Structures are given as structure tokens and as C-alpha cells.
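Letter by letter, the chains look like this.
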Amino acid sequence: MPAISEIISKLPGTKTSIFSVMSKMANDHNAINLSQGFPNFETDQKLKDLVTEAMNNGFNQYPPDSGVHELREQIVSKIKLLYGKSYDANTEITVTSGATEALYTAITAFVNKGDEVIVLKPAYDTYEPTIKLSGGIPIQIQLKGENYTVDWDEVRSAISSKTRMIIINTPHNPTGTILSEKDMLQLQEILSDTNVILLSDEVYEHLIFDKEQHQSASKFSELSERAIVCASFGKTFHNTGWKTGYCVAPEKLMKEIRKIHEVTVFSVNHPMQRAYAEYLKNADNYLKLSKFYQTKRDLFLNLIKDSKFTYTASKGTYYQLLNFSGITDENDVNFAERLVKEYGIASIPVSVFNINEKDNSQLRFCFAKTDDTLEMAAEILCKL
Ligand code: PMP
Ligand code: GLN
């Protein structure tokens, strides 16, 4: 048998995800893990009971490929209630294996070789490799200033006949910033005479602070006609390991997305879908989350207020960026490593999300943790 002589990587520049790297390092060094974004507290017992009940009731075989119908109907009701838009449960919603799969299928369905996709940087780490897998070209645009705002004139100038898609993410990982209504209206106006699809990553839609409103793409009638909105139950309901999310889009777009979904995963775990369908009937289960996480953000920021870190309070997500230029001038990757190994606390160096991995002396800390964990973490951070 001839040996495999040459491997031609489809993603030669892509490294192991920083989330895997930092969580492993945290485990290896028994450090407090504020790196990868997941809660260290339990999901609601009611939800676990609903999954068990669904299993005991025999929902253990393939569900419909686009998702359990009752769940799709609940998603429709939630979007109508929150954003006023009516989607069709039969043709415009697909339940996916986490938002990761929703993003993957959306990009794969529409990006062809040579197509350009506008990505606002810093950006979540799956967008660009997925674009490249389809032969697309990411066009990176830097978010501006301390508050990471979008320069919409720059976006306008970047759009050409080659532009197939623009990806936005609000609330934004890793910066904790949000897009305003004005931002969305500007985007709507810029895209109005174009053939550009909007991919809107809204996995943190229910984690938004200081009485701000989430500006979903589905709220804006013209934008929603060209938008694929991606969401994550894992993020919302403290069970990232269940890997369940969904995407919504007008039928014309959803038809193509479903083709990719069918050949990628076909369908998504059945008992969890039954459980979410029941759980979503009580809107309070998601409406209470902003307050819950704002309390955690405020606790964390209050605990580190006398430290040498500087920051702007996160407006959404469960991440807080901290600037460490008052502590050291080493680069963020080195500092993050040293924090794990020497101080027992893990974070995410923000440079990995930036254009050319630019280092701005910032680390991302996940505050989806018990108060005890946040207190222990803050004690370490205050000693630096
Ligand atoms: N988009 C963003 C911005 C994220 O932070 C994450 C991580 N949850 C995802 C997508 C993927 O979500 P999921 O865990 O549901 O696949
Ligand atoms: N979204 C999570 C984060 O930003 C991690 C998801 C993952 O591990 N891929 O930390």
C-alpha cells in the first residue's frame, strides 16, 4: 500500500481554536477558567427534567430534518414577541447543531469561489475559515476606537459587485459592544440597492445590559428580507454542551440553507428539542437573563475596581475586556499564558480575533461563573 505522501490542507493558516487551547491549559494547571465562554453553574433542573421526560416518552429517533415542529413554532412566537416579525415555522426556521452549524451552513450555502464576505474585526473565530472553505475571500474591516464602533462609510466603500455577504455580531464577542438602532438603519440603507446577504450572529441576544434593547436584524423589515439570523440555545440556557441552536431566514434563502444542513448533520438531537419547545412557552425563562448576567457583570467589575486593569463595561454577552497596559508591556498571548501558569487564572488574549493578530493589551474574561468563582478570580486580578 502506498503511503499518503502529501496532505494539502484546506485551511493551512488555521490553528487549534484558542478556546480549546486556553481551556486545556486551565485544566492542566488547575486554574480558574474564565477563558472559553461557558457557565460553571448548572442549567435549570426543569429543563433537564424535560429532556429526561422526552427520552422516557420515546423521542429518541431522528426528528424532522429542519427541527421539531413545536420548537419551530415556539421560535416563531419568541421572535414575533420580541422583534415583531412573523416567520413561517414550516419554511423559514431550521434547528441546527449549535449556532456554529447555523453559521457554517449559511456561509456554505451562499458563498462561492471568489465571492467577498465583509467581516468586522475583531471577529468570532469560525467565520473566516468557513468563508475560505467555500473559496470565498474575507474582507476585514476594523471596528474603531475604544468602543469598537462600525465605520459605516468604510463598509459602504468595501461593497462591490463581488460582495456576497456581510457578517455582523451583536451583542459582540469578544468586545461586549452592541449595535444601536442607528447602526442597523445605516446598514439597511447601505445594503438597500445591493445583492448582499446579511448574516447576523445574535447568539447573545438575551444578554444585554443597562436597559439597552437588542437590535435584531429581524426587527428591520428591509434588512430581514436579506438576513439570516443565527441563535444558540446553549448560550441562552446555560447548556453549551447540548449544542443546539437555530437560524431563521426568508424562505428563498432557507431553502438553500436546508440543503447544506441535510448533508452536514441532517437533523439535531431530538429530546433536547422537545425540552426547549416546552421551556420556551414561559417567556420569563429568557427575559430574566439580562438582569441575571448584568448582576454578574456588576459584581465582577466592582470586585476589580481597585485593580490596575482598565475597562469599559460590557454592554452585552458574558464577556468583559480588560486592558492590562498598566501592569505589563508583554504581549497578550504571553501574559495570558503567564496568568494561567503563575497565577492560576485563564482568559482569552484578544489579539487572536484581530486583523494581523494585533495586540492591544486586552484580555477577555467570561463572567458566566458562580459568585464564588468571580470572587476568587477578582482576588487574583487585584494582586497583579
Ligand atoms: N457565535 C458567537 C459569537 C459565539 O460566541 C459562539 C459561541 N457560543 C457561537 C457563535 C457558537 O454557538 P454554539 O455554541 O451554539 O455553537
Ligand atoms: N463561543 C465561546 C467563546 O467565545 C466558545 C465556543 C467554542 O469553544 N468554540 O468562548
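Residues numbered from 1 in each chain as written. Chains lettered and ligands numbered in written order. Predicted model: local features only at pLDDT ≥ 70, side-chain atom pairs only at ≥ 80, totals over all residues. Heavy atoms only, no water.

### What to know about the overall build of the protein
Right, so step 1: Scanning the protein for helices and strands turns up 15 helices and twelve strands.
Right, so step 2: By the compact-globule yardstick of 21 Å for 384 residues, the protein fits well, its C-alpha radius of gyration being 21 Å.
Right, so step 3: Here the C-alpha coordinates of the protein stretch approximately 65 × 55 × 50 Å along the principal axes.
Right, so step 4: For the protein, long-range pairs separated by at least 24 residues make up 74% of all intrachain contacts whose partners lie at least 6 apart in sequence.
Right, so step 5: Surface summary for the protein: the accessible area is close to 17,200 Å², and the carbon and sulfur share equals 49%.
Right, so step 6: For the protein, the separation between the mean place of its 41 positive charges and that of its 49 negative charges on side chains is 1 Å. (Helix = DSSP H or I, 4+ residues; strand = E, 2+ residues; numbered from the N terminus. Rg over C-alpha atoms; globule rule 2.2 N^0.38 Å. Contact = heavy atoms within 4.5 Å. Areas by Shrake-Rupley, 256 points an atom, 1.4 Å probe, with all protein chains shown as cover. Lys, Arg positive; Asp, Glu negative; His and termini not counted. Charge placed at Lys NZ, Arg CZ, Asp CG, Glu CD.)

### Points about the domain arrangement of the protein
Right, so step 1: Each assigned domain of the protein is listed here: domain 1 (18-43 + 287-383) and domain 2 (58-282).
Right, so step 2: When each unit is reduced to the centre of its C-alpha atoms, the spacing between domain 1 and domain 2 is 26 Å.
Right, so step 3: Buried surface at the junction of domain 1 and domain 2, both sides included, amounts to about 2,800 Å², of which 56% is carbon and sulfur.
Right, so step 4: Inspection of the domain 1/domain 2 interface yields two salt bridges. (Domains from an automatic or database assignment. Buried area = accessible area lost by both parts, 1.4 Å probe. Salt bridge = Lys/Arg side-chain N within 4 Å of Asp/Glu carboxyl O.)

### Section: the pairing of strand β4 (residues 137-142)
For a regular strand, the rule is simple: side chains alternate between the two faces of the sheet.
Right, so step 1: Note: strand β3 (residues 116-121) against β4, six bridges, orientation parallel. Note that in β4 the partner of Val119 across the bridge is Gln140.
Right, so step 2: On the question of chirality, the crossover connecting β3 to the parallel β4 by way of helix α5 (residues 127-133) is right-handed. (Pairing = 2+ DSSP bridges. Right-handed = clockwise from strand over helix to strand, strands pointing away.)

### So, the sheet that holds strand β8 (residues 245-248)
Hydrogen bonds between backbone atoms are what pair the strands of a sheet, whose relative direction is either parallel or antiparallel.
Right, so step 1: The strand order across the open sheet formed by seven strands is β2-β8-β7-β6-β5-β3-β4, and the pairing between neighbours is mixed. The open sheet has two edge strands with one neighbour each: β2 (93-96) and β4. This sheet shows a mean twist of 20° between the axes of neighbouring strands, independent of strand direction.
Right, so step 2: The pairing of strand β6 (residues 197-201) with strand β7 (residues 227-232) spans four bridges and is classified as parallel. Its bridge partner lying in β7, Ser200 is registered against Val229.
Right, so step 3: Across the face of the sheet, helix α7 (residues 181-191) comes into contact with β5 (163-169) and β6 while running at roughly 175° to β5. (Axes fitted to C-alpha atoms, helices over the stretch in contact; angles between N-to-C directions.)

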